Amino acid sequence: MIGFQLKRTLKIGVKSLWLHKLRSMLTVLGITFGVCSVIAMLAIGAGASEEAQAQLKKLGRDNIIIQSVKPPENQRASQEQSRLLQYGLTYTDLDVISGTVPGVIRTVPTRQVRTSIFRRSHRMDTSIVGTTPEYLPVTKSTILEGRFLTPLDMQTKSNVCVLGRHAQEVLFPLEDAIGQVISRSKLRFRVVGVMTSLQRGKFGAQEMAADPNSEVYIPFSTMKRYFGANNIYNSSGTFSAERVELHEIIVATRSPEHVRPAERVIRHILKTLHDKEDYQIIVPLQLLIQARHTEFIFKVVLGSIAAISLLVGGIGIMNISLATVMERTREIGIRRAMGAKKRHIVFQFLIETLLLALFGGVMGIGLGVILPAIVQRTAGMQTSVTLWSLMMAFGISAAVGLIFGIYPAYRAANMDPIEALRHE
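Parameters at a glance
- Residues numbered from 1 in each chain as written.
- Predicted model: local features only at pLDDT ≥ 70, side-chain atom pairs only at ≥ 80, totals over all residues.
- Heavy atoms only, no water.
- Helix = DSSP H or I, 4+ residues; strand = E, 2+ residues; numbered from the N terminus.
- Buried < 20%, exposed > 50% of the residue type's maximum accessible area, 1.4 Å probe, protein only.
- Contact = heavy atoms within 4.5 Å.
- Core = buried A, V, L, I, M, F, W, Y, C linked by side-chain atoms within 4.5 Å.
- Salt bridge = Lys/Arg side-chain N within 4 Å of Asp/Glu carboxyl O.
- Phe/Tyr/Trp six-rings, centres within 6.5 Å; stacked < 30°, edge-to-face > 60°.
- Lys NZ or Arg CZ within 6 Å of the ring centre and 35° of its normal.
- Lys, Arg positive; Asp, Glu negative; His and termini not counted.
- Polar contact = N/O pair within 3.5 Å; in protein donor to acceptor, adjacent residues only side chain to side chain.
- pLDDT = per-residue confidence, 0-100.
- Pairing = 2+ DSSP bridges.

On to the overall build of the protein chain. Of the regular secondary structure elements, the protein chain holds 14 helices and 15 strands. Expressed as a percentage of its 424 residues, the buried residues of the protein chain come to 46%. Partitioning the contacts of the protein chain with sequence separation of at least 6, the portion at a separation of at least 24 is 77%.

For the rest of this paragraph, the subject is the environment of Met326. Along the chain, Met326 turns up in helix H10 (residues 284-327). Here Met326 falls in the partly exposed class, since its relative accessible area comes to 40%. Each C-alpha atom, one on Met326 and one on Ala412, is 8.4 Å from the other, the two residues being 86 residues apart in sequence.

A word on the nonpolar core. Within the largest apolar cluster, 20 residues are counted, with the highest numbers of intra-cluster contacts made by Ile64, Ile66, Val251, Ile266, Leu270 and Ile281. Only strand E1 (63-68), helix H4 (91-100), strand E14 (248-253), helix H9 (259-273) and strand E15 (279-282) provide two or more residues apiece to this core. Leave out the neighbours within four places in its chain, and Leu270 touches Ile66, Leu89, Asp93, Ile97, Tyr279 and Ile281. Among the nonpolar cores identified, the runner-up in size contains 19 residues, and Leu163, Ala177, Leu187 and Val191 belong to it.

As for its placement among the helices and strands, Gln286 is situated in helix H10. Taking the C-alpha atoms as reference points, Gln286 and Val259, separated by 27 residues in sequence, lie 9.1 Å from one another. In contact with Gln286, not counting residues within four places along its chain, are Arg260 and Glu263.

So, about unusual backbone geometry. One non-glycine residue, Lys140, lies in the positive phi region at around 55°. Turning to its location among the elements, Lys140 is positioned in the loop between helix H5 (135-138) and strand E5 (143-146). A positive phi angle, close to 50°, is found at Lys157, a residue other than glycine.

Moving on, we come to the side chain of Gln168. If you trace the backbone, Gln168 turns up in helix H7 (residues 165-171). In this view, Gln168 contacts Glu145, Leu163, Pro173, Glu175, Ala177 and Val194; residues no more than four positions away in its chain are not counted.

The next subject is the pattern of salt bridges. Summed over the entire model, instances satisfying the criterion amount to seven salt bridges. The partner of Arg165 in a salt bridge is Glu169, and the shortest N-O contact between them spans 3.6 Å. Here Glu169 and Arg165 lie together in helix H7, a separation of four residues that amounts to about one turn. Measuring nitrogen to oxygen at the nearest pair gives 3.8 Å for the salt bridge that ties Asp275 to Lys276.

Tallying each qualifying case throughout the model produces four aromatic pairs. Centroid distance Tyr135 to Phe148: 6.2 Å. Interplanar angle 20°. Geometry classified as stacked. With a gap of 13 residues between them, Tyr135 in helix H5 and Phe148 in the loop between E5 and helix H6 (151-156) connect regions that are remote in the sequence. Both residues of the pair, Tyr135 and Phe148, belong to the buried class. Considering the side-chain rings of Phe148 and Tyr217, the 6.4 Å spacing of their centres and the 55° angle between planes classify their relative orientation as tilted. Linking Phe148 in the loop between E5 and H6 with Tyr217 in strand E11 (residues 216-219), this pair joins segments that are 69 residues apart in sequence. Like Phe148, the residue Tyr217 is buried in the burial classification. The ring centre of Tyr91 lies 4.8 Å from the NZ or CZ of Lys224, which sits over that ring.

Our focus in this paragraph is the environment of Glu169. We classify Glu169 as partly exposed; its relative accessible area is 41%. Along the chain, Glu169 and Ser214 lie 45 residues apart, while their C-alpha atoms are 9.4 Å from each other.

Turning our eyes to something else, we now look at the side chain of Glu245. Among the structural elements, Glu245 can be located in the loop between strand E13 (238-243) and E14. Although buried, Glu245 forms no salt bridge, and the nearest oppositely charged side chain, Arg243, lies 4.0 Å from it. Within the structure, the side chain of Glu245 is placed 2.9 Å from the backbone nitrogen of Tyr91, a separation counted as a polar contact.

In this section: the confidence of the model for the protein chain. The pLDDT averaged across the protein chain works out to 79; a share of 81% of its residues lies at or above 70. Within the model, pLDDT remains below 50 along residues 201-209, and this stretch shows 25 contacts once partners closer than five positions in the same chain are excluded.

So, on to the pairing of strand E3 (residues 104-119). Of all the 16 residues making up E3, twelve are buried; the element is thus mostly covered by neighbouring parts of the structure. Where E3 lies against strand E4 (residues 122-131), nine bridges are found, and the strand directions are antiparallel. Looking across to E4, one finds that Ile117 is bridged to Met124. As consecutive antiparallel partners, E3 and E4 are separated by two residues, and within that stretch Arg120 has a phi angle of approximately 55°, a positive value.

Spelled out as structure tokens, the structure:
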């Protein structure tokens, strides 16, 4: 009996909506665009957050990254006369951090030299990075071809190198790089490996090092042997010289729980050893927490904007439902006179508003899935449509249909049957 009544009510509701196709479609569009905006905004926000968090995870949640930075201008005035600017991390910093900070399992030093690399007719402006074999596991990098630096390379100060992916594509566009030789002035380096594509970026106000895909990695001992600690630049008649022993120290801790205590100790050590602010400390774990907090705020803001769109759609449904009640006043009076109860009238009008909302929700889900894909293809932004966002958007559309249909339904049910029959 209940199934028959529900089927009959649905049939009447569909027929009533079909009689006013244009009006019903315009009403549905309000819900459609509201649901679409919910899904699309959440997808774009989730995609941007996932991309940032993925980059931060690649830096290592267990790591602390210390970088040399040029001190402020007012702290460099005393060195201007010597024309040799000395700043940044030192070997002493590396030794003290390695030997005294609790929870530290590895410290990986790096030093960079900006230069030009040649391979026959191919030339590339890049950075030669001197580092140790521990660089690979600490940075969670992987090798595309060949191998990475080894302890034997460090001991023998070998002239071997590992190329970043972009450096390999520029210097060896048509041939295998492994076993080939690249040159820097009179120096020759044999390529033993190629790194997979790496990503670094700008997180908050802190910018990471240059593009690692364009860098050339050599043993740290080889870097000390050939390049020392001084960098001399002579361009367009302008001479400048800098002395930087280490450009970066990557500190690997035992677990994320050791990161905060280790960071505090490292800050104290560097503050004691340095008389100027010529370093910065980057904690990927802290940046990851900030990124997740930003993601939550972003979702709330985008969700609020999308909710306004759904509210407008809900108001449209209520407006049309009230107009429908006025048009069908005489029908309501006849049904009441023939024995229909108030709950039957309420149920009838709620079914109609719910059909409008659900149909709009289905259309909105379709557009909400397509729109992020278009944005990702055209704008190059990463998007992520999740199942829970589809379910939430569809559930909200159903809730909007019910909530905004209640008042018109009860207004129809509470009409006086006699007055309704007299209505023209």
